[in-house]
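What follows is the residue order along each chain.
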Amino acid sequence: MTDAGELRGKSVALIGAGNMGLALLEGWAAQDLLGAASIVEPQPSPRLQELCAAKGYALNGAAAPCDAVVLAVKPQAFDAGAAAASPFVARGAIVVSILAGKRIADLAARLPTQAVVRAMPNTPAAIGRGVTGAYASATTSAAQRALADALLSAVGGVEWVDDEALIDVVTAVSGSGPAYVFYFAECLAAAGAEAGLPAALAARLARATVEGAGELMRRQPETGPDELRRRVTSPGGTTAAALEVLEAPEDGLAALMRRAVAAAKRRAGELSG
Ligand SMILES: NC(=O)c1ccc[n+]([C@@H]2O[C@H](COP(=O)([O-])OP(=O)(O)OC[C@H]3O[C@@H](n4cnc5c(N)ncnc54)[C@H](OP(=O)(O)O)[C@@H]3O)[C@@H](O)[C@H]2O)c1
C-alpha cells in the first residue's frame, strides 16, 4: 500500500537529475517529507539548482550513506552512474533503478546491495500523473519495498509485478504508451483534415478530444473504458459506423495494438540483452 509517510525523515540520493530524475525530485519536494537529499548531476539545470537551494538538498556534494538511492541516468551511462551511486548506499538501503533495459542481475552486480527495485515510469510523471511498473529483487524486504513505493508514488501510480520479465510488457504498454496516444491524436487530426477540415482546426479538435476523453476516464475510475465507449455509441449512429471499422478483427485497432505492443516488448527484451 502506498504511504507517503514512508518518506518521512528518510535520506535519499538521486543519481542523474535529467528529465525523469528531476520529475521525481519535484514530486518528493512537493511532499516535503524527505529528511535529506543528495543529488549527483554533472550538468545541473537552473530549476535543479533552484530546487536544491530552496529545499536544502545537497547538489554534487560529498557522498553520505542514504536510506534509498535512485539511479536515473541514461542506460548508456550505467557504469559511471552505478559507480557514483555506490558510496551513497547505506547498509540496508534500497536502490531504485529507472534505467530502461537494466536487469536486476546487472544492477546487483554493480552495486553494494542485493536490495534493488527495477522500475519503469512514464513521461506524465513530469506533471505528477505518471504510472510506474516496478519489480523488486527477491532479497528486498517489505520495508525497503514500501520506501521504493513511496518514492515512485510521488509522481503517480505504482503497479508492482512479481515477474521481472513483465517489466518488458510494462515498458510496451505504459512506458511507451504516451507516444501511442500522441500518435492517435495525430492520426485523428490527419483523418479530419483529409475529410475536409482545415488542418489546424482538425488538430485542435483531435487534441481536445484526447484530453477530454482522458479526463472523463480519470474522473470515473469505477467505469471501464468499454462502458464509457458504449455510453456514447448509439446503435446505427455515427460512432457505431466508425467503431465498426476500428473493431475489424483482422486490421482493426485491437489487432494493431497487439502488434505494436508485441514489437515494443520484443525490443525491450533485446535492449535488456
Ligand atoms: N524519459 C522517459 O520517458 C523514461 C521513461 C522510463 C524510464 N526512463 C529512464 O530514465 C532514465 C533517465 O532518462 P531521462 O530521460 O531522464 O534522461 P536524461 O534527461 O538524459 O537524464 C539523465 C541525467 O543523468 C546525468 N548523468 C549522466 N551520467 C551521470 C553520472 N555518472 N552521475 C550522475 N548523473 C549522471 C545526465 O547528465 P549529462 O546530461 O551530463 O549526461 C542527465 O542529466 C533512463 O535510463 C531511461 O531509460 C525514462
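Before reading on, note that the structure itself is shown above.
Below is a short write-up of the structure.

Quick notes on the rules
Residues numbered from 1 in each chain as written. Predicted model: local features only at pLDDT ≥ 70, side-chain atom pairs only at ≥ 80, totals over all residues. Helix = DSSP H or I, 4+ residues; strand = E, 2+ residues; numbered from the N terminus. Buried ≥ 20, exposed ≤ 12 C-beta atoms within 10 Å, placed from the backbone. Contact = placed C-beta atoms within 7 Å. Pairing = 2+ DSSP bridges. Right-handed = clockwise from strand over helix to strand, strands pointing away. Near = placed C-beta within 6 Å. Nonpolar A, V, L, I, M, F, W, Y, C, P; charged D, E, K, R; others polar. Axes fitted to C-alpha atoms, helices over the stretch in contact; angles between N-to-C directions.

1. Looking at the overall build of the protein chain
Piece 1. Check the secondary structure of the protein chain and you find 11 helices and 8 strands.
Piece 2. Taking the principal axes of its C-alpha atoms as reference, the protein chain extends roughly 65 × 40 × 35 Å.
Piece 3. Across the 273 residues that make up the protein chain, the buried fraction comes to 35%.
Piece 4. Excluding contacts between residues fewer than 6 apart, the proportion of contacts in the protein chain whose partners are at least 24 apart in sequence is 63%.

2. Observations concerning the pairing of strand E5 (residues 89-97)
Piece 1. Inspection of the sheet shows strand E4 (residues 66-71) paired to E5 by 5 bridges, in the parallel sense. Bridge pairing in E5 places Cys 66 opposite Val 89.
Piece 2. The parallel pair E4 and E5, bridged by helix H3 (residues 78-85), forms a crossover whose chirality is right-handed.
Piece 3. Two elements, E5 and strand E6 (residues 116-120), share 3 bridges in a ladder whose sense is parallel. The partner of Val 96 across the bridge, within E6, is Val 117.

3. Considering the site of the ligand
Piece 1. Close to the ligand lie 26 residues, the nearest being Gly 16, Gly 18, Met 20, Ala 80 and Ala 100.
Piece 2. Of the residues that constitute the shell around the ligand, the class distribution is 15 nonpolar, 9 polar and 2 charged.

4. Focus on the sheet that holds strand E7 (residues 130-136)
Piece 1. Taken together, 8 strands build an open sheet; the order of strands is E3-E2-E1-E4-E5-E6-E7-E8 and the sheet is mixed. Looking along the sheet, the strands with just one partner apiece sit at the ends: strand E3 (58-59) and strand E8 (156-160).
Piece 2. As defined by bridge partners, E7 adjoins E8 across 5 bridges and the pair is classed as parallel. Residue pairing across strands places Gly 130 opposite Gly 156, the latter belonging to E8.
Piece 3. Lying on the sheet, helix H5 (residues 142-153) is in contact with strand E1 (11-15), E4, E5, E6, E7 and E8; it crosses E5 at an angle near 45°.

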